[in-house]
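# Secondary and tertiary structure notes
Here is how the chains run, residue by residue.
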Amino acid sequence: MAGRTESRACQAPGAGEEIEPVKGNERREQEKTSPETGPAGMNAVVTQQGWVDDHTLLGRERNGTGRDDARRFGVGFREVWHLFGMKTMHAAGLVGSVWMLAGAAFCVGDEIRVPEDRPTIQAAIDAAESGDVVRVSPGTYRERIRLKPGVILRGAGDNDKAGAEATILDGGGENGDAPGVTMAEGATLDGFTVTNVGRYDEAVWQKNWEEKGAKQAHEHIGNFGVPAIAIAGVDCTVIRNMVHHNGDTGIAIRGVEGKRCAPLVADNLCYRNMGGGIGSMHGSTAIITGNECRENFYAGIGHDDASPLVMGNICHGNIRAGIGISEGASPVVRGNQCFENRRAGIGIRTGANTRPVVEDNDCHHNEMAGIGVEEEAEPVLRGNRCHHNTLAGIGSQSGARPVLVENHCHDNAAAGIGARSGEAIAIRNRVEKNGSTGIGVEGDARAVLVGNLCEENRLVAVGVPAGGEAVLVDNTLVRTGGMPPIVAILKGATAAMVGNTVRGGGVGAVMLDGRLRAVANTLEGANGGSGIVVRKEAEAFLSGNTITGYRKPVSGEGRVVGEPEGRESTR
């Protein structure tokens, strides 16, 4: 075929011998019948190794043909291995599964070169067929392009950053209303810079940076707009691109009713876009991994009614959250780094149907909370590390109902964990060295705290201000110095304490202005004071507590039931 070059041989990795190249119609006929390289052969290998049956490719449904899987990933063992990398593959549990691909033969289609064979990228794409590779030489190409199904579009270089920097798609600014790149089913975009799609406004960006995004219009969040790279209702691969200084979202992923939208978006750099760096919306279920998203106008990675897997990304310096989750989105957000964002590291909001699983992330040095939850959202937060944030390590408010398990919140300027309203369940978290409270339950919030370790927080280990309700079971609350009490239950607040260990200094283990029921707790003083200070108009119902090391086990003018004043230990 004119304009094509004979480029690659089909070879089974490890076979030790080359196979004669097959092109065009001959190749396609061979694939239909070959038990080794055709769809049936590939599918048998994948199924035998358990990748499809056991892992279902991180949530992807089985499509019945291994050829489609290979095409989607761009295609072949070397590309798959380089794309994910050893660390990511181990994290995803896929190392053994990918090695089995080395035994299968991959047939890569013909190669069309730009500008050698076709003068423009779009002309080359139009001439390509599914499985063909369009290889683009270094240069700046002033065009907006639309891919065809199964076509692989590669920039200069060999899977490195320099290739993306050298191969530039310039969208022409405000001249045009199409995305910079429109993806197609099974297509691949690999190694380009995509820039100048729409208008990047430095003055507007800087103004909102200074305001921490407080005056940004929210109606644009979740809108597909005119992104630099558009993925709408297709499975495809977008890898190793640089996407910056565009007038809308860098990479936008949108589900379409009746179609699956589970693309792979990996190892891209998205920065200084006037939308989010990467946006996943409208039912999409992408794999978003290994990307760096920084200095974007909204979130680094944003979610609106979508449920992708978001793993191993770096999101920093964005005007809003590093990762934003809203409007019924329920992604799995795992192993990401979110730091130095103008708002939260990870922000979760907007409705009880917003139920992400957020685990094993590092959220630090953000200018609000490390992880912020609000507006009735119901996430599971597990095993995250939140430290050195300007507000709380993890904060919830506005009716949110998070479940927090085994998070480590330390050295935050405010609370380690703070619940301002709604309901929170906190289990086995470690909360230490925060600037105010270890765990705070205030406003009309209700919290159940089980098995947490709160130590050396500057003010109190657990604080329950007016209106708060808390149940504390089997927690260890420690502070070696300081004057404040270790547990403070203020006027209008209610608490129950069962089986906790409270140890350290201060005016008392527990300062009570509200109502308390305390059963089988151990209170160990260090420098005088009282075990439980029951202030005027407060009520304490006490049973089976052990109080040592204080001048008085119980003191104050309030009502005490079940334990007479002055006993060294309770019955």
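Everything discussed here concerns the structure shown above.
Below, the structure is looked at part by part. This is a predicted model, so every value here is computed, not measured.

### A short note on the overall build of the chain
- Secondary structure summary: the chain contains nine helices and 53 strands in total.
- Across the chain, every contact between residues at least 6 apart in sequence was considered, and the portion connecting residues at least 24 apart equals 52%.
- Of the roughly 22400 Å² that the chain leaves accessible, carbon and sulfur atoms contribute 49%.

### Some words on the nonpolar core
- Core analysis: the largest hydrophobic core is formed by 97 residues, its most contacted members being I121, L153, M183, I231, I251, I346 and I371.
- I231 has contacts with M183, F224, C236, V238, I251, A252, I253, R254, C261, P263 and V265, leaving out every residue within four places of it along the chain.
- Within the second largest apolar cluster, six residues are counted, among which are Y200, W205, Y298 and I319.

### Regarding the packing of aromatic side chains
- Under the counting rule described, the total for this entry stands at two aromatic pairs.
- Judged by centre distance (5.4 Å) and plane angle (10°), the rings of W205 and W209 are stacked. You can see W205 and its partner W209 sitting in helix α9 (residues 202-210), four residues apart, about one turn around the helix.
- On the numbers, 5.2 Å between centres and 85° between planes, the contact of F297 with Y298 is edge-to-face. Judged on exposure class, the residue F297 and its partner Y298 are both buried.
- Taking the ring centre of W205 as reference, the NZ or CZ of R272 above it sits at 3.6 Å.
- Stacked on the ring of Y271, the Lys or Arg R294 has its end atom at 4.3 Å from the ring centre.

### Comments concerning the pattern of salt bridges
- The tally for this structure, following the rule as stated, stands at 28 salt bridges.
- R294 is the partner of E295 in a salt bridge, and the nearest nitrogen-oxygen pair spans 3.7 Å.
- Assessed through its relative accessible area of 24%, E295 is described here as partly exposed.
- The partner of R385 in a salt bridge is D362, and the shortest N-O contact between them spans 2.7 Å. Taken together, the residues span a long stretch of sequence, with R385 in strand β30 (residues 385-387) and D362 in strand β27 (residues 362-364) at a distance of 23 residues.
- R385 gets classed as partly exposed once you look at its relative accessible area, which sits at 27%.

### Some points on the pairing of strand β46 (residues 508-512)
- Across the five residues of β46, five count as buried, placing the element largely inside the fold.
- Bridging between strand β43 (residues 487-489) and β46 involves three bridges; their strand directions are parallel. Bridge pairing in β46 places A488 opposite M511.
- Two strands pair when backbone bridges link them, and β46 and strand β49 (residues 530-534) are joined in this way by four bridges, in the parallel orientation.

### Examining α9
- For α9, the capping residue at the N-terminal end is D201, with a side-chain oxygen 3.1 Å from the backbone nitrogen of A203.
- A positive phi of about 55° marks K212, the residue just after α9.

### Examining the pairing of strand β13 (residues 251-254)
- Pairing geometry for strand β10 (residues 229-232) and β13, over four bridges, is parallel. Note that in β13 the partner of A230 across the bridge is A252.
- With four bridges connecting them, β13 and strand β16 (residues 278-281) associate as parallel partners. Residue pairing in the sheet places I253 in a bridge with S280 of β16.

### A few points about the side chain of T437
- Looking at the secondary structure, you find T437 in the loop between β36 (430-432) and β37 (439-441).
- For T437, a relative accessible area of 15% translates into the label buried.
- Beyond its immediate sequence surroundings of up to four residues, T437 is in contact with A414, A415, G416, N457, V460, A461, V462 and G463.

### With respect to the environment of G171
- By the element assignment, G171 lies in strand β6 (residues 167-173).
- Take G171: its relative accessible area is 7%, and that puts it in the buried class.
- Along the backbone, G171 and V194 are 23 residues apart, and their C-alpha atoms lie at a distance of 7.5 Å.
- Not counting residues up to four positions away in its chain, the partners in contact with G171 are R144, T195, N196 and V197.

So, how was this worked out
Per-chain numbering applies: the sequence of each chain, read as written, is numbered from 1 onward. Local features are withheld for residues below a pLDDT of 70 in this predicted model, meaning they are given only at 70 or higher, and side-chain atom pairs are given and counted only at 80 or more; totals for whole chains, interfaces and linings count all residues. Only hydrogens and water are set aside; all other atoms, that is, all heavy atoms of the structure, feed into the side-chain values. Comment: elements are numbered from the N terminus, with helices defined as DSSP H or I runs of at least four residues and strands as E runs of at least two. Whether two residues are in contact is decided by their heavy atoms: any pair within 4.5 Å suffices. All accessible areas in this document rest on Shrake-Rupley with a 1.4 Å probe, and a residue is counted as covered only by the protein chains that are shown. Definition of nonpolar core: a set of buried residues of the types Ala, Val, Leu, Ile, Met, Phe, Trp, Tyr and Cys, connected through side-chain atoms within 4.5 Å. The cut-offs for exposure are 20% and 50% of the maximum accessible area for each residue type, with area from a 1.4 Å probe on protein chains only; residues under the lower value are buried, those over the upper are exposed, and the others partly exposed. Note on ring pairs: Phe, Tyr and Trp rings are taken, using the six-membered ring of Trp, and paired if centres are within 6.5 Å. Classes follow the plane angle, with under 30 degrees stacked, over 60 edge-to-face and the rest tilted. Criterion for a charge above a ring: Arg CZ or Lys NZ at most 6 Å from the ring centre, at most 35 degrees from the ring normal. Put simply, a salt bridge is a Lys or Arg side-chain nitrogen that is within 4 Å of an Asp or Glu carboxyl oxygen. We call two strands paired when DSSP finds no fewer than two bridges between them. Side-chain atoms alone can form a polar contact between residues adjacent in sequence; in general such a contact is a pair of N or O atoms within 3.5 Å, and within protein one must be able to donate a hydrogen while the other accepts it.

Shape descriptors only; they carry no functional weight alone.
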